[in-house]
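What follows is each chain in one-letter form.
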Amino acid sequence: VQLQASGGGLVQPGGSLRLSCTISGFISNINVMAWYRQTPGKQRELVALTSGVDSTTYVDSVKGRFTISRDNAFKTVNLQMNSLKPEDTAIYYCNVRNVLMGKQFDYWGQGTQVTVSS
């Protein structure tokens, strides 16, 4: 199983990017699909997650600017990022979490660089 993230790049402040993450292979019993980000010297932080039918959670700094979505087959998770700010610059990682026999497993994509700069 692999998670392939794409869509990162260089964008000016105020611009938009759309990140996508596609699962190759099969992961059963997915209960969370999420995006995290990390900058040098800092811990990876949760940006947004979707769980259940349509429940979503966002870190305060991106509320109203970012939107997470997934397909009904749980094969793709997207992150639409609008009104980007320089502080959004980071490597973004997609994450999928499932539960099997009472144990939680995390799967990670390879990361995609987002740079917001004029």
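In case you missed it, the structure is sitting above this.
Residues numbered from 1 in each chain as written. Predicted model: local features only at pLDDT ≥ 70, side-chain atom pairs only at ≥ 80, totals over all residues. Heavy atoms only, no water.

Participant: What is the right way to read the pattern of salt bridges from this model?
Facilitator: Two side chains with opposite charge may pair up if their charged atoms get near one another. One pass over the structure, following the stated rule, counts five salt bridges. Note that arginine 37 and glutamate 45 form a salt bridge whose closest N and O atoms lie 2.7 Å from each other. Judged by its relative accessible area of 7%, arginine 37 is buried. A residue is classified by how much of its surface remains accessible, and glutamate 45, at 30% relative accessible area, is partly exposed. Note that aspartate 88 and arginine 65 form a salt bridge whose closest N and O atoms lie 2.8 Å from each other. Taken together, the positions of aspartate 88 in the loop between strand 8 (76-81) and strand 9 (90-100) and arginine 65 in the loop between strand 6 (55-58) and strand 7 (66-70) put the pair 23 residues apart, joining distant regions of the chain. Since its relative accessible area comes to 1%, aspartate 88 is described here as buried. Arginine 65 gets classed as buried once you look at its relative accessible area, which sits at 10%. (Salt bridge = Lys/Arg side-chain N within 4 Å of Asp/Glu carboxyl O. Buried < 20%, exposed > 50% of the residue type's maximum accessible area, 1.4 Å probe, protein only. Helix = DSSP H or I, 4+ residues; strand = E, 2+ residues; numbered from the N terminus.)

Participant: Before we go on, may I ask you to explain the nonpolar core in this structure?
Facilitator: Taken as a class, soluble globular proteins show a tendency for nonpolar side chains to be buried jointly. Counting 27 residues, the largest nonpolar core has Trp35, Phe66, Leu79, Met81 and Tyr92 as its most contacted members. Looking at this core, the elements with two or more residues in it are strand 1 (2-6), strand 3 (17-24), strand 4 (30-38), strand 5 (45-51), strand 7, strand 8, strand 9 and strand 11 (112-116). (Core = buried A, V, L, I, M, F, W, Y, C linked by side-chain atoms within 4.5 Å.)

Participant: Which parts of the structure should I look at to understand the sheet that holds strand 3?
Facilitator: Hydrogen bonds along the backbone pair up the strands of a sheet, which may run parallel or antiparallel. The four strands are arranged 1-3-8-7 in an open sheet whose pairing can be described as antiparallel. At either margin of the open sheet sits one strand with a lone partner, and together these are strand 1 and strand 7. Each strand axis lies, on average, 15 degrees off the axis of its neighbour in the sheet, ignoring direction. Here six bridges tie strand 3 to strand 8, and the two strands are oriented antiparallel to one another. Bridging across to strand 8, threonine 22 finds its partner in threonine 76. (Pairing = 2+ DSSP bridges. Axes fitted to C-alpha atoms, helices over the stretch in contact; angles between N-to-C directions.)

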